[in-house]
Structure formats: C-alpha cells, structure tokens
Amino acid sequence: MSEPSRYKFLKPEAVARLKNLSLTARSVVEGFISGLHKSPYRGFSVEFAEHREYTPGDNIRYLDWQALGRTDRLYIKQFEEETNLRSTILLDTSASMGYSSKGGVSKLEYGCFLAAALGYLMVKQQDSVGLVTFDNEIRNNIPPRGSETHLNVLLRRLEEVRPGEVTKVGGIFHRLAETLKRRGLIIIISDLYDDPKEVMRGLRHFRHKRHEVILFHLFDRSELDFPFDRLTQFIDLETDERLQVDPKYVRDEYLAQIEAFINGYRRECSEGHIEYVVTDTSMPYEKMLTEYLGRRKRFS
C-alpha cells in the first residue's frame, strides 16, 4: 500500500517505525481473533471463506498449494472462524482531553497519533478498522473497512478533531454496545474522567456482547506526578470550575487518589477480562505500542 504520509498524525518517519511492528501486531491480532471465536459452537462453521496473500509469520498449515501451482504465489486459506479482525477505535474527544502541560502535545493529540498508528497497522495487515469520536455524544461514527482509501478517510477525520464538551463515557459505551452488532475488537482511548462505576458498566456491556476490549487509559505526565510547587489556580476544562490551592498541602492526597483511580480500573478490568494499558503523553506512542504489543505477544 502507498504510504499516507501527508497527514499530521501519520508522518513518514512514524510509518517507517510502525513497519517494524507489523509482524508482532499480526500475531497479537490473531490472538484476539481466537478470543472472539471461543464459544460452545467452535468448529460448527469452518467453511472456506476466502484467500489472502501469505505474509511472514502466517501458519503454513493453511497454505493453498493448488493456488501456488496455478499462480506461482503463496496464498493462505481463510475459514469463517479465521477471517480478518474487525476493530473499532473509540476516541474520547471531551474537553478534558485537550489538556497539555509544559507545551507538550495534548492528550487528544496523543490519542489521535495513537489512533492513526493503530489504524495504519490494522489496514496494512488487511484487517478492517472503524473510528468513533465522542464526548457526551457520538460525534463521528465511521464503520470498519479495510482499504487504503478508508484509512485516508479516518486520517482526514482525525485532522478535524477538536476538544468538545463534557465527558459521558459510560452512557456512550452502553449506546455503542447496542449498535455494534458484529463482534470484534473495541479499542478505547480515553482519560476516563467519568464515574468509574458507570464506565465499568459500559465496558462490561461490550464484553457481554462478546467483544474483545483494549483500554488505553491516557494521562498527561503532570496528572501522574503533580509537579506543581507554587500557589496555582486549577481549572476544570469541562465545567470551568476554578480552585486556587497551595500544591504542597494537597500533593500527597492527590497522588494517593490518582493511584487509587488507576488501581481500581486495573483491578476491575482484570476481573472483566479487559486489556488495560496506562500511558501518558511523555512516552512516544510508537514506543508505547512496541512495548505493549511485545508484552501481549509473550503472554498470548
């Protein structure tokens, strides 16, 4: 496929680095496909579905030797249980995602870079990917497809994304769980600034509908470290509520609460069989993806 290098969120140098992830990503995706097909009826619908061109790392048991004899090219037989992955990226575009510290990228910009990279990897390995952006409403809903033209549509839409209204994560998840009828992989990129109980109910709704779920919990580094050392006015980006405090009097309590916030999600996601990944905007997204995919490949 030609490289979609003219877009802000997918530069040529990033594409070059992402190419090195393709083989790892393919094996990880096959693990998700396997998870989607775990059911009491496994094996009841294994009819031949289609061919796709062989890529290094594919299981050679499914090579079509007759097709090789006819075309002199290697093709893999795909069956109904093994067809390519259908994934949907849910990107939180609420006002709180617009936060950035020290002149760095905002959480929303980082989320767009991450969404673009994941979309590129999915399409490159012939999987389909869709995009939903939301705050307290669904702002964009682009169904999954797997063509290069479709990837360009997603990248153009990411260029148009701006921080929106207040967060309504839990309610949005419930709505999407009811409308995404075909089982697939749900990839969520959000700071999750909503009632954790409501968020988890929404996540469990996806699992109830037998989707696989990856949750990228995104922070600005200052939200994790609280580096402030002088009298500071904090502004809620979603409500415009303002609070002036001396950081030294609240630092310990704040850090304890943010740790409990993260650990609560980590525990609940583990119990709900949801992939939970904490990241922050100080870590290059391709490095974070490399480390995440490498860990998941080792334990899949």
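The preceding data block contains the structure.
Here's a quick rundown of the structure. All values derive from a computational prediction rather than experimental measurement.

### Focus: the packing of aromatic side chains
As enumerated under the stated definition, the model contains 13 aromatic pairs in all. Geometrically, the ring pair formed by F113 and Y285 is stacked, given 5.5 Å between the ring centres and 15 degrees between the ring planes. With a gap of 172 residues between them, F113 in helix α4 (residues 107-124) and Y285 in helix α10 (residues 285-299) connect regions that are remote in the sequence. Three or more aromatic residues joined by ring pairs form one cluster here, namely Y193, F219, F261, Y265 and Y276.

### A closer look at the environment of Q126
Position of Q126 among the secondary structure elements: in the loop between α4 and β4 (128-134). Between the alpha carbons of Q126 and L85 there is a distance of 8.4 Å; along the sequence they are 41 residues apart.

### Some details on the nonpolar core
I89, L158, I187, I189 and F216 are the most contacted members of the largest nonpolar core, which totals 44 residues. Ranked by residue count, the leading element in this core is α4, at 13 residues. Those residues within four positions of I187 in sequence are excluded, and the remaining contacts are T88, I89, L90, L118, M122, I214 and F216. In this structure, V132, F173, I258 and I274 belong to the second largest nonpolar core, which totals 27 residues.

### Regarding the sheet that holds strand β5 (residues 138-145)
Across the sheet, six strands lie side by side as β5-β4-β3-β6-β7-β10; this open sheet has mixed pairing. Each edge of the open sheet is held by one strand with a lone partner, namely β5 and β10 (275-280). Neighbour-to-neighbour, the strand axes of the sheet open up by a mean angle of 15 degrees, direction not taken into account. In this sheet, β5 lies alongside β4 in antiparallel orientation, the contact comprising five bridges. Paired with V132 across the two strands is N141, which belongs to β5.

### Comments concerning the packing of helix α7 (residues 196-208) against helix α9 (residues 247-271)
Running from N to C, α7 and α9 cross one another at 25 degrees; their axes reach a closest spacing of 11 Å. Between α7 and α9, the angle falls in the class roughly parallel. Crossing angle aside, the handedness with which α7 passes α9 is right-handed. Taken together, the residues of α9 that come into contact with α7 (itself represented by P196, V199, M200, L203 and R204) are F261, Y265, E268 and C269. Of the residues that constitute the contact of α7 with α9, the class distribution is seven nonpolar, no polar and two charged.

### Considerations on the packing of helix α6 (residues 169-179) against α7
Running from amino to carboxyl end, α6 crosses α7 at an angle of 15 degrees, the nearest separation of the two axes being 7 Å. The angle between α6 and α7 falls in the class roughly parallel. Read as a crossing pair, α6 and α7 show a hand that is left-handed. Of the residues in α7, those touching α6 at V169, G170, F173, H174, L176, A177 and E178 are E198, V199, R201, G202, L203, H205 and F206. Of the residues contributing to the contact of α6 with α7, the split by class is seven nonpolar, four polar and three charged.

What counts, and where the lines are drawn
Along each chain, the written sequence defines residue order, and numbers are assigned to residues from 1. Where local features are concerned, this predicted model is filtered to residues with pLDDT of at least 70; where side-chain atom pairs are given and counted, the filter is 80 or more; whole-chain, interface and lining totals use all residues. Water and hydrogen atoms were dropped before computing side-chain values, which therefore reflect all heavy atoms in the structure. When two rings of Phe, Tyr or Trp (its six-membered ring) have centres within 6.5 Å they constitute a pair, described as stacked for plane angles under 30 degrees, edge-to-face for angles over 60, and tilted for the intermediate range. Secondary structure is summarised from DSSP: a helix means a run of H or I of at least four residues, a strand means a run of E of at least two, and numbering begins at the N terminus for each. To qualify as a nonpolar core, a set must consist of buried Ala, Val, Leu, Ile, Met, Phe, Trp, Tyr and Cys residues joined through side-chain atoms within 4.5 Å. Throughout, exposure labels follow a simple rule: accessible area from a 1.4 Å probe, protein chains only, divided by the maximum for the residue type, with under 20% read as buried, over 50% as exposed, and the rest as partly exposed. Two residues qualify as a contact provided that any one of their heavy atoms is within 4.5 Å of a heavy atom in the partner residue. Should DSSP find at least two bridges between two strands, the strands are taken to pair. Fitted lines through C-alpha atoms give the axes, limited to the stretch in contact for helices. The angle between two N-to-C directions lies from 0 to 180 degrees. Any angle from 65 to 115 degrees is called roughly perpendicular, while one under 35 is roughly parallel, one over 145 is roughly antiparallel, and all others are oblique. The hand of a helix crossing depends on one turn: near helix anticlockwise from the far one by less than a right angle means left-handed, and clockwise means right-handed. Charged residues are taken to be Asp, Glu, Lys and Arg, nonpolar residues to be Ala, Val, Leu, Ile, Met, Phe, Trp, Tyr, Cys and Pro, and polar residues to be all remaining types, Gly included.

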